[in-house]
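For reference, the chains in residue letters:
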Amino acid sequence: MNVIDLSWWQLSLAALMVVALAGCTAAMRLGMSRSLLIAALRTVIQLALVGLVLEALFAAERLVWVVLMALAMLLIAGREVMARQKRRLLGGWAFGIGTLSMFLSSFTVAVLTLTVIIGPEPWYRPQYAIPLLGMLLGNTMTGVALALDRLTDTAWRERGVIENRLMLGEPWQVAIGDLRREAMRSGLMPMINAMAAAGVVSLPGMMTGQILAGTPPSLAVKYQILIMFAITLGTGFGTLAAVTAGSRRLFDSRERLRLDRLSTPRT
Amino acid sequence: MSKGGPLRLERVGIGDLFEVGLSLDLGEIGCISGASGSGKSRLLRAVADLEPHAGEVWLGEQAQSLTPGHAWRRQVMLVPAESHWWEETVGQHFAKRPADEELRALSFTTDTLEWQVSRLSTGEKQRLSLLRAVSLEPRALLLDEPTANLDDATSERVEAWLVERIRSRGWPTLWVAHDRKQIARVARRHWRIASDRLEELESV
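Remember, it's a predicted structure, so these values are computed and weren't measured experimentally.

1. Topic: the overall build of chain B
Looking only at helices and strands, one finds six helices and ten strands in chain B. Rg of the C-alpha trace for chain B: 16 Å, near the compact-globule value of 17 Å for 204 residues, within the 12% margin. In terms of overall dimensions, chain B has C-alpha extents of about 45 × 35 × 30 Å along its principal axes. Out of the 204 residues belonging to chain B, those deemed buried represent 40%. Put simply, of all contacts in chain B between residues at least 6 apart along the chain, 72% involve residues at least 24 apart.

This is the structure:
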C-alpha cells in the first residue's frame, strides 16, 4: 500500500488558496476572513501537534499512554459541549452530565468494538484505538451538545407550557415529554442524516481516507459501516443519557421546574 | 386520592411575603387583592408548590411537604392568569370530555373541542383553562384573576358558574381579584397584601 508523499510546500499551495478565499471575502466585506484564517491556522497547528503525539503513541504502544490520550480527548470534548450551550446548567452540571454521558457511551462502544469486533493485538493498539475513539467522541460530542442545548433552551422558552402542565397535576416526566423527544431528535438527526446520505450523496471521510491509502474499496466499505454503527450507538446512548440526566436536573425533588439552575446567555 | 378538606396555610413565606397564615373551609372562597407586583401570584404558586417557599400548607389532614409534587398539584389546582396550550386542538387538552352543559355555561358549543388552539382569543383561552382545571375535579382551587380578560357580561357569567361549582363541590378556594364589586359578590373573606404581610379586611 503506497501513499504518495505530501510535502509541506505542496500543502502551502492549498493554504495559499485559503488565503485567497479570505482575501475575496474581505474585499466583498462579508466579515468572514478573520475567523476563516484563524480557523485554518488552528487546523494546521492542532493537527501538526496531534501528528507528533500520535507518532510517539504508535511507537510506544503502551496502554497507559492510550488511556491518558483518551482522557484528554474526553475532557476537551466535555468542555466543548459546555461551551456550545446557550443556557447551561449551573454548578458544573453541564460539564458533568456532558462528560459523563460521553464517557459512558463512547468508551463502552469503543472498547466493545475493539475487543469483540475488530480484535487487534493488543486490543488497545493505538493505530485502531485512537482514531476509533476520536470519531466516536467527535460525533457523540455533537449529538450531546445539540441535545442539551435544545433541551435547556426549549425549557426556557416553553416554561409557561411546562408549568401549566405541572399545575394540571402532570408528573414532571410527562410535562417535559415533548421537549425530551425534540432534544433526542436534534441530537440523533445528524447521524441519521449521515447514514441516509452515505455513499449516495457523500463519501464518508474515513472510507475516502482508506481508499486514498490504498485499501480495497470493499474492505473500506466494511470498516465504514462498522464505524457508522459504532458512532450511531455512541451518539444514541450518549444523547439518551444526557437528555435523561439533564431533564431530571431541570426539576427538583418537589417536581418544580427550576430554571434558576440555568445560566443566562452571554450577550 | 384522599377526600380533601379545608385548605390551611401555615407561616407560608415567599418573596417579600412572610408568615402568611389563613384557613378556608370546604366551599369557602377567600379573595386576595393587592397592587401589581405585590406577590399575589407568587403566593398562589407557593400554595401549589411550584416555587420553593417557607412554611407548610395543609389540605385537610394532608401536608404539602409529605405529598409528591404532582399529586399535590392535582388536588390543589392553580389556574394561572395566562393559560398555555400545547396540543393542536382544544379537546386534546382535556383528559375527560367536559359535559355539553358545562361548555354551554361558558358560552361555548360542543364543536369548540375541535377548534384549533391557534384561533382562540385571550378570553376564550381564559374560560377554557378554567373549564380544563375544573373538569379534572380537584380538591381545592387557586384562581389568579379568573375573569381579567373578559367583558362585563361574560365575566359575571363565568363568575356565577365558578361560584356554583365551588359551592356544590365544596372546594376551598383562593381567588385573586382586583374588582371590589366582584370581591363583594363572591367572597365573605378578603385579604390584602400590605408590603410584606397579608392582612384581613373587615367583611363588607
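Moving on from the coordinates now.
2. A short note on the overall build of chain A
Along the backbone of chain A there are ten helices and zero strands. From first element to last, N terminus to C terminus, chain A shows the α and β order α-α-α-α-α-α-α-α-α-α. Taking the principal axes of its C-alpha atoms as reference, chain A extends roughly 70 × 55 × 40 Å. Classification of the 267 residues of chain A by burial places 34% in the buried group. Looking at chain A alone, contacts between residues at least 24 apart form 75% of all its contacts between residues at least 6 apart.

3. Remarks on the confidence of the model for chain B
Overall, the prediction assigns chain B a mean pLDDT of 93, with 98% of residues at 70 or greater. Complex prediction metrics read pTM 0.87 and ipTM 0.94.

4. Some points on the nonpolar core
Grouped together as the largest cluster of nonpolar side chains are 99 residues, with contacts concentrated most on Leu133, Leu136 and Ala147 of chain A together with Val47, Leu142 and Trp175 of chain B. The dominant element in this core, judged by the number of residues it contributes, is helix 5 (residues 126–157) of chain A, at 15 residues. Sequence-distant contacts of Trp175 of chain B, defined by excluding residues within four places in its chain, comprise Ile29, Gly30, Cys31, Leu143, Val186 and Ala187 of chain B.

5. Some words on the sheet that holds strand 8 (residues 173–176) of chain B
Residue and element names in this part refer to chain B. In space, the six strands of this open sheet follow the order 6-7-8-3-9-10, with mixed pairing throughout. Each end of this open sheet is capped by a strand with a single partner; those strands are strand 6 (76–79) and strand 10 (197–201). Averaged over all adjacent pairs, the angle separating strand axes in this sheet is 20°, with direction ignored.

6. Points about the interface of chain A and chain B
In this assembly, 14 residues from chain A lie in contact with 17 residues from chain B. Of the residues forming the side of chain A that touches chain B, the biggest block, six residues, is contributed by helix 6 (residues 159–167) of chain A. By residue class, the composition of the side of chain A that touches chain B is five nonpolar, three polar and six charged.

7. Concerning the environment of Val186 of chain B
All names here are of chain B. You can see Val186 is positioned in helix 6 (residues 180–186). Judged by the 23 C-beta atoms lying within 10 Å of it, Val186 is buried. Non-local contacts of Val186, meaning those with residues more than four positions away in its chain, are made with Ile29, Cys31, Glu159, Val163 and Trp175.

8. Examining the environment of Leu47 of chain A
All names here are of chain A. Along the polypeptide, Leu47 turns up in helix 2 (residues 33–60). What makes Leu47 exposed here is the crowd of 10 C-beta atoms within 10 Å. In this structure, the C-alpha to C-alpha distance between Leu47 and Thr154, residues 107 residues apart in sequence, is 36 Å.

9. Side note on the sheet that holds strand 4 (residues 54–59) of chain B
All names here are of chain B. Taking strand neighbours across the sheet as the criterion, the four strands line up as 2-1-4-5 in an open arrangement whose pairing is antiparallel. Of all the strands in the sheet, the pair left with one neighbour each is strand 2 (17–24) and strand 5 (62–63). As judged from the two bridges shared by strand 4 and strand 5, these two strands associate in the antiparallel manner. Within strand 5, the residue paired with Leu59 across the bridge is Gln62. Set on the sheet, helix 1 (residues 40–47) makes contact with strand 1 (7–14), strand 2 and strand 4; between it and strand 1 the angle comes to about 120°.

10. Details of helix 4 (residues 122–134) of chain B
The α-helix winds at 3.6 residues per turn, so residues separated by three or four positions along the chain end up facing the same way. Residue and element names in this part refer to chain B. Compared with the 18 Å implied by 1.5 Å per residue over 13 residues, the 19 Å span of helix 4 between its first and last C-alpha is a close match. Within helix 4, ten of the 13 residues are buried, leaving the element largely enclosed by the surrounding structure. Considered for burial, the residues of helix 4 that qualify are Glu124, Gln126, Arg127, Leu128, Ser129, Leu130, Leu131, Arg132, Ala133 and Val134. If you follow the buried residues of helix 4, they end up packed against strand 6, helix 3 (100–105) and helix 5 (152–169).

11. Here we look at the pairing of strand 4 of chain B
Residue and element names in this part refer to chain B. Across five bridges, the pairing between strand 1 and strand 4 is antiparallel. By the bridge assignment, Leu7 is partnered in strand 4 with Leu59. Hairpin connection from strand 4 to strand 5: two residues lie between these consecutive antiparallel strands, with Gly60 at a positive phi of about 60°.

12. A look at the packing of helix 2 of chain A against helix 5 of chain A
Residue and element names in this part refer to chain A. Packing of helix 2 against helix 5 leaves a shortest axis separation of 9 Å and a crossing angle of 140°. Viewed along their axes, helix 2 and helix 5 adopt a mutual orientation that is oblique. Across the interface between the two elements, Leu54, Leu57 and Phe58 from helix 2 touch Pro126, Gln127 and Ile130 from helix 5. Among the residues forming the contact of helix 2 with helix 5, the class breakdown is five nonpolar, one polar and no charged.

13. Structural notes on the packing of helix 3 (residues 63–83) of chain A against helix 5 of chain A
All names here are of chain A. Where helix 3 contacts helix 5, the two axes come as close as 10 Å, and the packing angle between them is 15°. Judged by the inter-axis angle, helix 3 sits roughly parallel to helix 5. By crossing handedness, the relation of helix 3 to helix 5 is classed as right-handed. Touching Val66, Met69, Ala70, Met73, Leu74, Ala77, Glu80 and Val81 of helix 3 are Pro126, Ala129, Ile130, Leu133, Gly134, Leu137, Met141, Val144, Ala145 and Leu148, all from helix 5. Its residues placed into classes, the contact of helix 3 with helix 5 shows 16 nonpolar, one polar and one charged.

14. Remarks on the pairing of strand 8 of chain B
Remark: a regular strand shows side chains that alternate across the two faces of the sheet. Residue and element names in this part refer to chain B. Alternating residues of strand 8 divide into Thr173 and Trp175 and Leu174 and Val176, and every residue in both groups is buried. As defined by bridge partners, strand 3 (residues 29–33) adjoins strand 8 across four bridges and the pair is classed as parallel. Bridged to Cys31 within strand 8 is Trp175. The sheet contact formed by strand 7 (residues 140–144) and strand 8 spans four bridges and is parallel. Note on strand 8: the bridge partner recorded for Leu141 is Thr173. The β-α-β motif built from strand 7, the intervening helix 5 and the parallel element strand 8 has right-handed crossover chirality.

Cut-offs applied
- Residues numbered from 1 in each chain as written.
- Chains lettered and ligands numbered in written order.
- Predicted model: local features only at pLDDT ≥ 70, side-chain atom pairs only at ≥ 80, totals over all residues.
- Helix = DSSP H or I, 4+ residues; strand = E, 2+ residues; numbered from the N terminus.
- Rg over C-alpha atoms; globule rule 2.2 N^0.38 Å.
- Buried ≥ 20, exposed ≤ 12 C-beta atoms within 10 Å, placed from the backbone.
- Contact = placed C-beta atoms within 7 Å.
- pLDDT = per-residue confidence, 0-100.
- Core = buried A, V, L, I, M, F, W, Y, C linked by C-beta atoms within 7 Å.
- Pairing = 2+ DSSP bridges.
- Axes fitted to C-alpha atoms, helices over the stretch in contact; angles between N-to-C directions.
- Nonpolar A, V, L, I, M, F, W, Y, C, P; charged D, E, K, R; others polar.
- Expected span 1.5 Å × (residues − 1).
- Parallel < 35°, antiparallel > 145°, perpendicular 65-115°, else oblique.
- Left-handed = near helix turned anticlockwise from the far one by under 90°.
- Right-handed = clockwise from strand over helix to strand, strands pointing away.

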